[in-house]
Amino acid sequence: MKKILILFAHPKFEKSRANKALIQRLKGESHITFHDLYEHYPNFHIDVNREQALLEQHDVIIWHHPFYWYSGPAILKQWKDMVLEFNWAYGPEGKALEGKTVINVITTGGTREVYCSEGYNSFTVNQFLRPFEQTAKLCGMHYLPPFAVMGTHTLSDENLENYANQYEVLLDILKSDFKQEALSDCFFVNDLPILSY
């Protein structure tokens, strides 16, 4: 069974209805480590050795965060800047993350329709996430299309429940010996029929 590390970054988690619904599905399973970066590092003093050890102990990494100003919250950038060191995560001797799988799990206030060339955000979520994708590529990781919960301000309880169900299924798939291709041929991983609950 693959071990999953959820790097959670939300500065206002207590106000996030959508993220609460997703996190409630983790059920304290032993193969999942939930790691709240704002809780552990309120002053942004990242323990690099601890974070690198956590990464080495897991097979699948999830960057779980709200979509803030077309990217992740500040602590996630700080985490990447500090933890993904040259000759550890990348570079001639940087093989620590090679072969691991990584995925963004994001929530956005805006709907899917506003994230496109015709929408007021001009670009797709996937285009905005390119720095994450390229980071994964540079580190030799397999980057999956994002799991996206969009339009969170107007989501009905029923739709939010459906997203939470999909997240639970995704976590079950990620712990198995899934084929990378099965989760790659899509815009958002939650578009795939295999995530139907």
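Participant: Explain the overall build of the protein here, please?
Facilitator: Each helix and strand counted, the protein has 7 helices and 6 strands in total. When the helices and strands of the protein are read in sequence order from the N terminus, they spell out β-α-β-α-α-β-α-β-α-α-β-β-α. Against the compact-globule benchmark of 16 Å for 197 residues, the protein has a radius of gyration of 16 Å, which places it among compact chains. Summarising its shape, the C-alpha atoms of the protein cover approximately 45 × 35 × 30 Å along the three principal directions. In the protein, which comprises 197 residues, the share counted as buried stands at 53%. Taking all contacts inside the protein whose residues are at least 6 apart in sequence as the whole, residues at least 24 apart take part in 76%. For the protein, the accessible surface area stands at approximately 9,800 Å², while carbon and sulfur atoms represent 50% of it. Looking at charge distribution, the protein has the averaged site of its 18 positive side-chain charges lying 1 Å from that of its 24 negative ones.

Participant: So what exactly am I meant to see when it comes to the environment of Asn-49 here?
Facilitator: Mapped onto the elements, Asn-49 comes out in helix H3 (residues 48-56). The sequence separation of Asn-49 and Val-83 amounts to 34 residues, and the corresponding C-alpha distance is 7.9 Å.

Participant: In this structure, what is going on with the pattern of salt bridges? I would like to understand it.
Facilitator: It is possible for side chains of opposite charge to pair when their charged atoms get near one another. One pass over the full model with this rule turns up 8 salt bridges. Residue Arg-25 is joined to Glu-168 by a salt bridge in which the shortest nitrogen-to-oxygen separation is 2.7 Å. Highlighted residues: Arg-25 in the loop between helix H1 (17-23) and strand E2 (32-36) and Glu-168 in helix H7 (residues 157-175), separated in sequence by 143 residues. On the accessibility criterion, Arg-25 (14% relative accessible area) is buried. The buried category is assigned to Glu-168, whose relative accessible area is 13%. In this structure, Arg-130 and Glu-133 form a salt bridge, with 3.4 Å as the shortest nitrogen-oxygen distance. Within this pair, Arg-130 and its partner Glu-133 are both found in helix H6 (residues 130-138), separated by 3 residues, close to a single helical turn. By relative accessible area, Arg-130 is classed as partly exposed at 48%. Using a relative accessible area of 33% as the deciding quantity, one classes Glu-133 as partly exposed.

Participant: Help me understand the side chain of Asn-19 in this model?
Facilitator: Checked against the element boundaries, Asn-19 lands in helix H1. Once residues within four sequence positions are removed from consideration, Asn-19 is found in contact with Phe-8, His-10, Phe-13, His-64 and Thr-107.

Participant: For this particular structure, what's the right way to read the packing of H3 against helix H4 (residues 74-83)?
Facilitator: Two numbers describe a pair of packed helices, the interaxial angle and the distance between the axes. Interaxial distance between H3 and H4 falls to 10 Å at its minimum, and their mutual angle equals 90 degrees. Between H3 and H4, the crossing angle belongs to the class labelled roughly perpendicular. Residue-level contacts link Val-48, Glu-51, Gln-52 and Leu-55 of H3 to Trp-79, Met-82 and Val-83 of H4. When grouped by side-chain class, the residues that make up the contact of H3 with H4 number 5 nonpolar, 1 polar and 1 charged.

Participant: Where do I start with the pairing of strand E1 (residues 4-8) in this structure?
Facilitator: For a regular strand, the rule is simple: side chains alternate between the two faces of the sheet. Summarising burial for E1: 5 of the 5 residues are buried, a large majority. Here E1 shows no split at all, with Ile-4, Ile-6 and Phe-8 on one side and Leu-5 and Leu-7 on the other all buried. With 5 bridges joining them, E1 and E2 adopt parallel strand pairing. When the bridges of E2 are listed, Ile-4 appears paired with Ile-32. Assessed by its sense of winding, the connection that carries the chain from E1 through H1 to E2 is right-handed. Note: E1 against strand E3 (residues 60-66), 5 bridges, orientation parallel. In the sheet register, Phe-8 faces E3, and the bridge partner there is His-64.

Participant: Any chance you could explain the environment of Ala-164 here in plain terms?
Facilitator: In this fold, Ala-164 is placed in helix H7. It is 9.0 Å that separates the C-alpha atoms of Ala-164 and Asn-19, two residues lying 145 residues apart in sequence. Ignoring sequence-local partners within four residues, the contact set of Ala-164 consists of Ala-21, Leu-22 and Arg-25.

Basis of the calculations
In this numbering scheme, every chain counts its residues from 1 along its sequence in written order. The model is predicted, so local features are restricted to residues of pLDDT at least 70 and side-chain atom pairs to those at 80 or more, both for listing and for counting; the totals for chains, interfaces and linings are taken over all residues. Computation of side-chain values: all heavy atoms of the structure, hydrogens and water removed. A run of H or I in DSSP becomes a helix once it reaches four residues, and a run of E becomes a strand once it reaches two; helices and strands are each numbered from the N terminus. Using C-alpha atoms as the atom set, the radius of gyration is obtained and then compared with a globule rule of 2.2 Å times the number of residues to the power 0.38. Each residue is assigned to one of three classes by its accessible area relative to the maximum for its type, calculated with a 1.4 Å probe on protein chains only: buried under 20%, partly exposed between the two thresholds, exposed over 50%. Any two residues whose heavy atoms approach within 4.5 Å are treated as being in contact. Computed with a 1.4 Å probe, the accessible areas rest on the Shrake-Rupley method; for each residue, only the protein chains presented here act as cover. Think of it this way: Lys and Arg go in the positive column, Asp and Glu in the negative one, and His and the chain ends go nowhere. Think of each charge as sitting on NZ of Lys, CZ of Arg, CG of Asp or CD of Glu. Criterion for a salt bridge: a side-chain nitrogen of Lys or Arg within 4 Å of a carboxyl oxygen of Asp or Glu. An axis is simply a line fitted to the C-alpha atoms; with a helix, the fit covers only the stretch in contact. Between two such axes, the angle follows the N-to-C directions and lies from 0 to 180 degrees. Our angle categories are set so that under 35 degrees counts as roughly parallel, over 145 as roughly antiparallel, 65 to 115 as roughly perpendicular, and the remainder as oblique. Each residue is assigned to one class: nonpolar for Ala, Val, Leu, Ile, Met, Phe, Trp, Tyr, Cys and Pro, charged for Asp, Glu, Lys and Arg, and polar for all the others, Gly among them. Strand pairing requires that DSSP identify at least two bridges connecting the strands. Seen with the strands pointing away from the viewer, any crossover whose path from the first strand over the helix to the second strand runs clockwise is right-handed.

None of this, on its own, says anything about what the molecule does.
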